[in-house]
Amino acid sequence: RALHEGQRVWEWRAGQPKESAIFDRAMRSLSGAVAAALAENYDFSRFGTVVDVGGGNGSVLAAILVHSPDLHGIVFDQSHVVSGASEVLANAGVGARCEIVGGDFFGTVPTGGDAYMLKSVLHDWEDEPAVRVLQNVRAVCRPESALLVVERVVGPPNESAPVKFSDLNMLVAPGGEERTMDEWAALFQAGGFRLLNDQELGGGWSVLEGTPV
């Protein structure tokens, strides 16, 4: 879980620009199909502004904004990560509808969202830090705001083998975990949300929607 004593992989990568760029390109490539499925199959029309917490270089939010021309966005991640987001958003033709904010989701999260989206964020962390992220989102949510967690869900025994292999990968690399639906519901509750429903996107991916409590 750490490449150097007392230093997690995220801290190490922040000081390694070349490694960080390679990782960001890999994540953008892996997110392509999921971003397309999310943009095409989930109804974002009821929201005015979506905050993509841990949104990387903005590629997922860009796909959503392209598909939802009335939607505005905020992409939020560490400053060295979002440094490339302006180019990604501009190339997608949505730069004018998206704000780029650098920061740490263990500190504060941008205000003003009708929906707060976390894609492939919480599975990077064990329960305690994952709950802290959710609590920080909850602190800025309005009563009517929605929480959208885009993750893979661990299925019953002898099912969803790729997700279970991913669970092992998350344990070994960043120190996180994939979760069952019951585990997601418990995590939402601990973070100040109630899990309302899930919408499958294919490939084991789902949108888990929550509401503040």
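Computed from a predicted model, the values in this text were never measured in an experiment.

**A few points about the pattern of salt bridges**
What the rule picks out here adds up to five salt bridges. For Arg-142, the salt bridge is made with Asp-114, and the minimal N-O distance between the two is 2.5 Å. In this pair, Arg-142 sits in the loop between α6 (127-140) and β7 (146-154) while Asp-114 sits in the loop between β5 (98-102) and β6 (115-119), placing the two residues 28 residues apart along the sequence. In this structure Asp-114 comes out as partly exposed when scored by relative accessible area, which is 22%. Its salt-bridge partner being Arg-179, residue Asp-127 comes within 2.9 Å of it at the nearest N-O pair. Placement of the pair is Asp-127 in helix α6 and Arg-179 in strand β8 (residues 179-180), with a sequence separation of 52 residues. What makes Arg-179 buried here is its relative accessible area of 0%. The network of salt bridges with shared partners includes Asp-114, Arg-142 and Glu-144.

**Focus on the side chain of Asp-124**
Inspection of the secondary structure puts Asp-124 in the loop between β6 and α6. Looking at Asp-124, its side chain comes within polar contact range of the side chain of His-123, at 3.5 Å.

**Here we look at unusual backbone geometry**
Phi at Ser-120 takes a positive value of approximately 55 degrees, unusual for a residue other than glycine. For Ser-120, the location among the structural elements is in the loop between β6 and α6. Judged by relative accessible area, Ser-120 falls into the buried class, the value being 18%.

**Overview of the pairing of strand β4 (residues 72-77)**
For β4, the buried fraction is high: five of the six residues fall into the buried class. Pairing of strand β3 (residues 49-53) with β4, which is carried by five bridges, proceeds in the parallel orientation. Considered in β4, the bridge of Val-50 is made with Gly-73. Chirality of the crossover, the property in question, places the unit of β3, helix α3 (residues 59-67) and β4 among those that are right-handed. By the bridge criterion, five bridges tie β4 to β5 in an arrangement that is parallel. The partner of Val-75 across the bridge, within β5, is Ile-100.

Thresholds, definitions, all that
Residues numbered from 1 in each chain as written. Predicted model: local features only at pLDDT ≥ 70, side-chain atom pairs only at ≥ 80, totals over all residues. Heavy atoms only, no water. Salt bridge = Lys/Arg side-chain N within 4 Å of Asp/Glu carboxyl O. Helix = DSSP H or I, 4+ residues; strand = E, 2+ residues; numbered from the N terminus. Buried < 20%, exposed > 50% of the residue type's maximum accessible area, 1.4 Å probe, protein only. Polar contact = N/O pair within 3.5 Å; in protein donor to acceptor, adjacent residues only side chain to side chain. Pairing = 2+ DSSP bridges. Right-handed = clockwise from strand over helix to strand, strands pointing away.

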